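What follows is the residue order along each chain.
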Amino acid sequence: MTLYPKLILDALQTVTYAGTKKNLVESGMVADQPAIDGQTVKVILEFQRDTDPFLKSTVKAAEAAIKYHCGKDVEVEIVTEFKSKPRPEVGKMLPEVKNIIAVSSGKGGVGKSTVAANLAIALARLGYSVGLLDADIFGPSVPKMFKTEDARPYAVSIDGRDLIEPVEKYGVRLLSIGFFVSPDTAMLWRGGMASNALKQLIADANWGELDYLILDTPPGTSDIHLTLLQTLAITGAVIVSTPQQVALADARKGIDMYRNEKVNVPILGLVENMAWFTPAELPQNKYYIFGREGCKQLAEEMHVPLLAQIPLVQSICDGGDSGEPAALTSDTMTGLAFVNLAQAVVTVVNRRNAELPKTKIVGTE
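Keep in mind the model is a prediction, meaning the values are calculated, not measured.

A few points about the overall build of the protein chain
- The number of helices and strands found in the protein chain is 10 helices and 15 strands.
- Each principal axis of the C-alpha distribution contributes one length, and for the protein chain these read about 90 × 40 × 35 Å.
- Within the protein chain, buried positions represent 50% of all 365 residues.
- For the protein chain, long-range pairs separated by at least 24 residues make up 74% of all intrachain contacts whose partners lie at least 6 apart in sequence.
- Summed over its atoms, the accessible surface of the protein chain is roughly 18000 Å², and 50% of this surface lies on carbon and sulfur atoms.
- Both charge centroids of the protein chain, one from 36 positive and one from 42 negative side chains, sit 2 Å from each other.

Side note on the environment of Leu163
- Structurally, Leu163 can be placed in strand S9 (residues 161–164).
- A relative accessible area of 8% means that Leu163 is categorised as buried.

Quick word on the sheet that holds strand S14 (residues 267–277)
- Strand order in the open sheet formed by eight strands is S10-S11-S7-S12-S6-S13-S14-S15, with mixed pairing between adjacent strands. Among the strands making up the open sheet, the edge pair consists of strand S10 (167–169) and strand S15 (306–312). Ignoring which end each strand starts from, the neighbouring axes of this sheet average 25° apart.
- Contacts from helix H7 (residues 245–259) reach strand S6 (97–104), strand S13 (236–241) and S14, with the element oriented near 170° to S13.

Some words on helix H1 (residues 5–12)
- All of the buried residues in H1 are Leu7, Ile8, Ala11 and Leu12. Angular distribution of buried residues about the axis of H1 spans 140°; they occupy a single face of the element.

Regarding the nonpolar core
- If you look at the biggest cluster of nonpolar residues, it comprises 89 residues, and the most contacted ones within it are Leu132 and Ile214.
- Other than its neighbours up to four places away in sequence, Ile214 contacts Ile101, Val103, Ala116, Leu119, Ala120, Leu123, Val130, Gly131, Leu132 and Leu133.
- Of all hydrophobic cores here, the second largest spans 23 residues; its members include Leu7, Val74, Val76 and Ile78.

What about the packing of H7 against helix H8 (residues 294–302)?
- Interhelical geometry of H7 versus H8 gives an angle of 35° and a closest axis separation of 11 Å. Viewed along their axes, H7 and H8 form a crossing whose handedness is right-handed. Residue-level contacts link Leu248, Ala251, Arg252, Ile255 and Arg259 of H7 to Gly294, Cys295, Leu298, Glu301 and Met302 of H8.

A few points about the packing of helix H3 (residues 112–125) against helix H10 (residues 333–355)
- Two elements in contact, H3 and H10, have axes whose closest approach is 8 Å; the angle formed by their N-to-C orientations is 75°. Classed by the angle they form, the pair H3 and H10 counts as roughly perpendicular. Between H3, through Val115, Asn118, Leu119, Ala122 and Leu123, and H10, the contact on the second element is made entirely by Phe338, Val339, Leu341, Ala342, Val345 and Val346.
- For the contact of H3 with H10, the per-class residue count stands at 10 nonpolar, one polar and no charged.

The rules we used
- Residues numbered from 1 in each chain as written.
- Predicted model: local features only at pLDDT ≥ 70, side-chain atom pairs only at ≥ 80, totals over all residues.
- Heavy atoms only, no water.
- Helix = DSSP H or I, 4+ residues; strand = E, 2+ residues; numbered from the N terminus.
- Buried < 20%, exposed > 50% of the residue type's maximum accessible area, 1.4 Å probe, protein only.
- Contact = heavy atoms within 4.5 Å.
- Areas by Shrake-Rupley, 256 points an atom, 1.4 Å probe, with all protein chains shown as cover.
- Lys, Arg positive; Asp, Glu negative; His and termini not counted.
- Charge placed at Lys NZ, Arg CZ, Asp CG, Glu CD.
- Pairing = 2+ DSSP bridges.
- Axes fitted to C-alpha atoms, helices over the stretch in contact; angles between N-to-C directions.
- Arc of directions from axis to C-beta.
- Core = buried A, V, L, I, M, F, W, Y, C linked by side-chain atoms within 4.5 Å.
- Left-handed = near helix turned anticlockwise from the far one by under 90°.
- Parallel < 35°, antiparallel > 145°, perpendicular 65-115°, else oblique.
- Nonpolar A, V, L, I, M, F, W, Y, C, P; charged D, E, K, R; others polar.

So, in structure tokens, the structure goes:
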């Protein structure tokens with residue numbers, strides 16, 4: 001059979017691209033006239049981006065369609081091109097971010113997200129440029145805590161790439177999977193799907209220049225933590241715990257994860273949350289409901305700084321629920337506690353950067 005361009009294009013018109021529900025020609029994906037050399041055909045298909053989920057299946061379908069309509073003996077070469085530039089490779093992501101801080105906890109319910117949100121706001125109030133990435137894919141809380149549940153990030157085109165523009169609130173640039181899913185819908189995702197979503201929030205977002213990018217990580221140790229460690233060079237980790245022994249036991253595991261010889265992320269320090277209860281009507285009183293100075297003892301045992309002791313007061317809970325975190329005001333006991341935490345983090349990060357080499361990204365082996 002004699003091959004000619006229209007014959008190839010007719011074959012490609014039988015292939016539907018799932019992204020548009022139209023055939024490849026109608027979708028404008030055939031970048032140029034098919035090149036024909038005897039029984040060899042070369043077709044250039046243009047996709048929006050290299051992460052297109054239908055790329056492999058579309059290429060296979062195009063190759064099969066040409067062979068079906070033009071003969072099994074035809075040699076088919078499909079070349080893929082992309083309208084947007086590919087995602088930066090691991091190790092070259094977020095070049096304008098100076099420090100990446102992981103806020104972690106060994107178990108849930110200790111106020112890790114509250115600490116991460118207030119730390120980010122307090123750093124911004126100190127004059128630093130700050131981003132907050134909600135890396136808790138299955139339990140995102142940033143939209144609620146910043147009163148941005150209705151926010152829908154839009155795409156911006158920068159240097160040939162379509163990037164997600166973070167939401168900005170209280171001087172902090174925010175991204176969360178919660179901006180893209182219904183708050184009433186359970187996230188029934190396998191680990192790989194969650195990790196890919198997280199990579200998009202990291203690499204396909206317009207974070208810009210930041211002094212600090214705070215990572216609100218999920219509780220415990222999981223696929224998400226491994227994804228972060230294999231994607232970003234984390235400056236250091238802040239471990240959040242309550243004083244009670246069951247929480248401290250899990251905090252030790254969190255510390256061990258970062259100190260693992262294959263990870264080697266410095267522990268910047270511990271934050272003791274719910275350190276004591278102080279009633280609003282008796283601000284001078286302290287009631288040690290969950291134990292006394294458990295994190296202080298753990299910090300001494302693990303040879304890391306105790307960055308802050310945050311009291312358990314109603315206003316912190318109310319602030320998180322209403323979308324007005326306590327760190328917005330520094331003239332209250334709780335607001336001052338988070339400002340002091342931010343200043344302590346700045347100090348330990350500066351010391352870490354002066355004394356220790358840059359963290360290496362964990363290998364995938």
